[in-house]
Amino acid sequence: MKKWIVLGVLLAAALISGYRWHANQPEQKINGVVDQLIEAVEYSKLNFRQRSEVHDAIREVMAETVDFQGEAPLPEGEIGYDSIFSRLDFIHSVTTLREFTELDRSLMISDSEAQVTRTTEIKFAAGKSFGDTQTWKLIFDLELGEQWRIIRIRGELIQE
């Protein structure tokens, strides 16, 4: 009986250690940063997430200023937190749904820099009368300081 208990404890410890090792790999951390940003930008009127929670989530994964490049509705140029938050709050106020579905993702890492390219289907709606679905190629450039942070976002609408 004691052998089974010891074996169970060792197995649990190995599983926990394996999970922690996997979660601390650069690939997992980088993908987690991008996923956290996408989750913060997604929106539904039925979602009871507070704006302050969204702002905090964005602060955790983005640099103090982020260089945006691409087509509208992406802003253009280097933008700080306050501008990002006011734009996002405005978009939340005029839309009832913003849902992101990942179609493809690639990741490149070079020392303290990384790039995630994500093809994403974005479904959005403004009330019951207007909605659309678009496919975007989003490129996230990240830099490692104390942790991985997004420093540049490029977006391109893929014509269908």
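A. Representation of the overall build of the protein within the structure. In terms of regular secondary structure, the protein is built from four helices and seven strands. Sequence-ordered secondary structure for the protein, helices as α and strands as β, is α-α-β-α-β-β-α-β-β-β-β. Intrachain contacts of the protein at a sequence separation of at least 6 include 51% that bridge at least 24 residues. Surface accessibility of the protein: about 10,400 Å² in total, with carbon and sulfur atoms responsible for 55%.

B. Representation of the side chain of Thr 120 within the structure. Its location among the elements puts Thr 120 in strand E5 (residues 113–126). Side-chain polar atoms of Thr 120 contact the side chain of Arg 118, separated by 2.8 Å.

C. Region of interest: the packing of helix H2 (residues 26–41) against helix H3 (residues 51–61). For the pair H2 and H3, interaxial distance at closest approach is 9 Å and the crossing angle is 155 degrees. Judged on the interaxial angle alone, H3 and H2 are roughly antiparallel. Every pair of crossing elements has a handedness; the one defined by H2 and H3 is left-handed. Across the interface between the two elements, Val 33, Gln 36, Leu 37 and Ala 40 of H2 pack against Val 54, Ala 57, Ile 58, Glu 60 and Val 61 of H3. Partitioning the contact of H2 with H3 into residue classes produces seven nonpolar, one polar and one charged.

D. The arrangement of the pattern of salt bridges in detail. Evaluation of the coordinates by the stated rule reveals ten salt bridges. Salt bridges sharing common partners tie together Asp 35, Glu 102, Arg 105 and Arg 118.

E. Representation of the environment of Ser 93 within the structure. Within the element layout of this structure, Ser 93 appears in helix H4 (residues 81–94). Judged by its relative accessible area of 41%, Ser 93 is partly exposed. A distance of 2.6 Å separates a polar side-chain atom of Ser 93 from the backbone oxygen of Phe 90.

F. Representation of unusual backbone geometry. Of the consecutive residues Ala 72 and Pro 73, the connecting peptide bond is found in the cis state with omega at 15 degrees. Here the phi dihedral of Asp 111 falls at roughly 55 degrees; this positive angle occurs in a residue that is not glycine. Following the sequence through the fold, Asp 111 ends up in the loop between strand E4 (97–110) and E5.

G. Inspection of the packing of aromatic side chains at higher detail. The final tally for this structure, using the stated rule, is two aromatic pairs. Ring centres 5.8 Å apart and planes at 5 degrees place the aromatic pair Tyr 81 and Phe 85 in the stacked group. Residue Tyr 81 and its partner Phe 85 are located together in helix H4, separated by four residues, close to a single helical turn. A relative accessible area of 5% means that Phe 85 is categorised as buried. Seen from the ring of Tyr 81, Arg 59 lies directly overhead, with NZ or CZ sitting 5.7 Å from the centre.

H. Fine view of the packing of H3 against H4. In the contact formed by H3 and H4, the axes pass within 11 Å of each other and the chain directions differ by 135 degrees. When the axes of H3 and H4 are compared, the pair comes out oblique. Judged by the twist between their axes, the crossing of H3 over H4 is right-handed. For the pair H3 and H4, the contacting residues are Arg 51, Val 54, His 55, Ile 58 and Arg 59 in the first and Tyr 81, Ile 84, Phe 85, Leu 88, Asp 89, His 92 and Ser 93 in the second.

Parameters at a glance
- Residues numbered from 1 in each chain as written.
- Predicted model: local features only at pLDDT ≥ 70, side-chain atom pairs only at ≥ 80, totals over all residues.
- Heavy atoms only, no water.
- Helix = DSSP H or I, 4+ residues; strand = E, 2+ residues; numbered from the N terminus.
- Contact = heavy atoms within 4.5 Å.
- Areas by Shrake-Rupley, 256 points an atom, 1.4 Å probe, with all protein chains shown as cover.
- Polar contact = N/O pair within 3.5 Å; in protein donor to acceptor, adjacent residues only side chain to side chain.
- Axes fitted to C-alpha atoms, helices over the stretch in contact; angles between N-to-C directions.
- Parallel < 35°, antiparallel > 145°, perpendicular 65-115°, else oblique.
- Left-handed = near helix turned anticlockwise from the far one by under 90°.
- Nonpolar A, V, L, I, M, F, W, Y, C, P; charged D, E, K, R; others polar.
- Salt bridge = Lys/Arg side-chain N within 4 Å of Asp/Glu carboxyl O.
- Buried < 20%, exposed > 50% of the residue type's maximum accessible area, 1.4 Å probe, protein only.
- Phe/Tyr/Trp six-rings, centres within 6.5 Å; stacked < 30°, edge-to-face > 60°.
- Lys NZ or Arg CZ within 6 Å of the ring centre and 35° of its normal.

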